Amino acid sequence: MEYRVLGRSGLKVSTITMGTMTVGGKGWASMVGSQGVSEAERLIDLCLDAGVNLIDTANAYSDGASEEIIGEVLGGKRKNDVLIATKVRFPMGDGPNNEGLSRYHLIRECEASLKRLRTDVIDLYQVHQWDGVTPLEETMEALDTLIRQGKVRYVGCSNFSGWHIMKALGIAEREHRQRFVSQQIHYTLEARDAEYELLPISIDQGLGVLVWSPIAGGLLSGKHRRDHTPEGSRQAAGWTEPPIRDVDRLWRIVDVLVGIAESRGVSAAQVALAWLIGRKTVTSVIIGGRTEAQFRDNLAAADLALTAEERARLDAVSTPPLLYPYWHQMQTASGRLGEADLSLIAPFLDKQA
């Protein structure tokens, strides 16, 4: 297992993170999985034995049950070797202040997560989604307070847009608050939207990148094909993340994935994960699953190195077009583009050459 520094911190995390949305099985999360204590313990041990050192959860997963089970399982087991990341933002009750990124909600829910996780400190506390009502100054001050109180070590964001992130980082710098060290995003071969703004921002601002649902809820596992949806899959249960806007493009990507996987004697899921791990901007991919077999298969991606030719084939079938203003920058500013700009535009310049 390889370990990479998380953004502008000194913290090293494994290139594969254990995701735990399948733990608990309450409410909407029941469509994903319903692992109890014994199952979660077996899977956590499997991941730790493989070298995974980061476990990601959220207070909203199964109404806190995911955190509770993780806390019960860890409870002292190799605790010094395990980093815990959790998230806050979504409703945790029916009251008007039981959601969002207000000081009230953040501090209250952090303390609740600490109790459920049976720990004194959360290693990475992530705001789970944008809150357009709460002033960002209030959010960043509350997160800074939690760090100074010793309840949180690092903070990050998830599902923010580019301007959301830059505004938060600007406020942190102006007011001398702790800044985000990472962002958790959706990024796959099928959904490469993050390459327009979010990944260049990570390069420019020194943010680590954690990728959620890296095989698109199973769509890139190779089990889903043009005329077949596996029984018991998330999609069969009505799961809608991610939205697929071009179905034919999805299946073209899957065809290439399966072709490479068959030639290498591995699964399509491993190829999709290896493509992400090999991306310069990605720190870690968050894997999940309902079975030990799924976890074992995903963990094997840590040791799979794709060839330049294989990566080129995957890029050819999945690279999104340049949007404005990037196509204009390519045509008129190619001589004065920085590293962050080139992370998006360089492949298109290479095609022109």
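Residues numbered from 1 in each chain as written. Predicted model: local features only at pLDDT ≥ 70, side-chain atom pairs only at ≥ 80, totals over all residues. Heavy atoms only, no water.

**What about helix H6 (residues 198-205)?**
At step 1: By the criterion of burial, H6 is predominantly enclosed, with six of the eight residues buried.
At step 2: Of the residues making up H6, those classed as buried are Leu 198, Leu 199, Pro 200, Ile 201, Ser 202 and Gln 205.
At step 3: Each element contacted by the buried residues of H6 is listed here: helix H5 (162-174), strand E8 (182-186), strand E9 (208-212) and helix H12 (339-352).
At step 4: Note on H6: the residue one or two positions beyond its end, Gly 206, has a positive phi of about 70°. (Buried < 20%, exposed > 50% of the residue type's maximum accessible area, 1.4 Å probe, protein only. Helix = DSSP H or I, 4+ residues; strand = E, 2+ residues; numbered from the N terminus. Contact = heavy atoms within 4.5 Å.)

**Regarding the environment of Gln 270**
At step 1: Mapping Gln 270 onto the fold places it in helix H8 (residues 268-277).
At step 2: Under the relative-accessibility criterion, Gln 270 is labelled buried at 9%.
At step 3: Between the C-alpha atom of Gln 270 and that of Leu 304, which follows or precedes it by 34 residues, the distance is 7.4 Å.
At step 4: Residues contacting Gln 270, with those up to four places away along its chain left out, are Asp 297, Ala 300, Ala 301 and Leu 304.

**Considerations on the sheet that holds strand E4 (residues 54-56)**
At step 1: The sheet built from eight strands closes into a barrel, its strands ordered E3-E4-E5-E6-E7-E8-E9-E10 with parallel pairing. Neighbouring strand axes in the sheet, compared pairwise and without regard to direction, differ in orientation by 30° on average.
At step 2: Both E8 and E9 contribute to a ladder of five bridges, which runs parallel. Residue pairing for E9: Gln 184 is matched across the bridge by Leu 210.
At step 3: Together, E8 and E9 form the strand contacts of H6, whose direction differs from that of E8 by roughly 165°.
At step 4: Helix-sheet contacts for helix H9 (residues 292-299) involve strand E3 (16-19) and strand E10 (284-287), and the interaxial angle to E3 is about 160°. (Pairing = 2+ DSSP bridges. Axes fitted to C-alpha atoms, helices over the stretch in contact; angles between N-to-C directions.)

**Comments concerning the environment of Met 92**
At step 1: For Met 92, the location among the structural elements is in the loop between strand E5 (83-88) and helix H3 (103-117).
At step 2: Sequence separation between Met 92 and Met 31 is 61 residues; the distance between their C-alpha atoms is 19 Å.
At step 3: Apart from the residues lying within four places of it in its own chain, the contact partners of Met 92 are Asn 59, Ala 60, Asp 63, Gly 64, Asn 98, Glu 109 and Arg 116.

**With respect to the packing of helix H7 (residues 247-264) against helix H10 (residues 308-318)**
At step 1: Remark: H7 packs on H10, axes separated minimally by 9 Å, with the N-to-C direction vectors making an angle of 170°. One element, H7, and the other, H10, form an angle in the roughly antiparallel class. Packed against H7, whose contacting residues are Arg 249, Arg 252, Ile 253, Val 256, Leu 257, Ile 260 and Arg 264, the element H10 presents Glu 310, Arg 313, Leu 314, Val 317 and Ser 318 at the interface. (Parallel < 35°, antiparallel > 145°, perpendicular 65-115°, else oblique.)

**Comments concerning the pairing of strand E6 (residues 122-127)**
At step 1: Across the six residues of E6, six count as buried, placing the element largely inside the fold.
At step 2: Relative to E6, E5 runs parallel, the two being bridged by four bridges. Residue pairing in the sheet places Thr 86 in a bridge with Tyr 125 of E6.
At step 3: For the crossover that starts at E5, traverses H3 and ends in the parallel E6, the hand is right-handed. (Right-handed = clockwise from strand over helix to strand, strands pointing away.)

**Structural notes on the layout of surface pockets**
It is a probe the size of a water molecule, rolled over the atoms, that shows where empty space is left.
At step 1: Estimates place the volume of the second largest pocket at around 680 Å³.
At step 2: Residue lining of the second largest pocket: 23 residues in total, with His 186, Ala 191, Asp 193, Ala 194 and Arg 245 positioned closest to the centre.
At step 3: The class makeup of the residues in the lining of the second largest pocket is eleven nonpolar, four polar and eight charged. (1 Å grid on protein atoms, 1.4 Å probe; cavity = no way out; pocket = protein on both sides within 12 Å on 5 of 7 lines; lining within 4 Å. Points joined across faces, edges and corners; volume = space filled by probe spheres on them. Nonpolar A, V, L, I, M, F, W, Y, C, P; charged D, E, K, R; others polar.)

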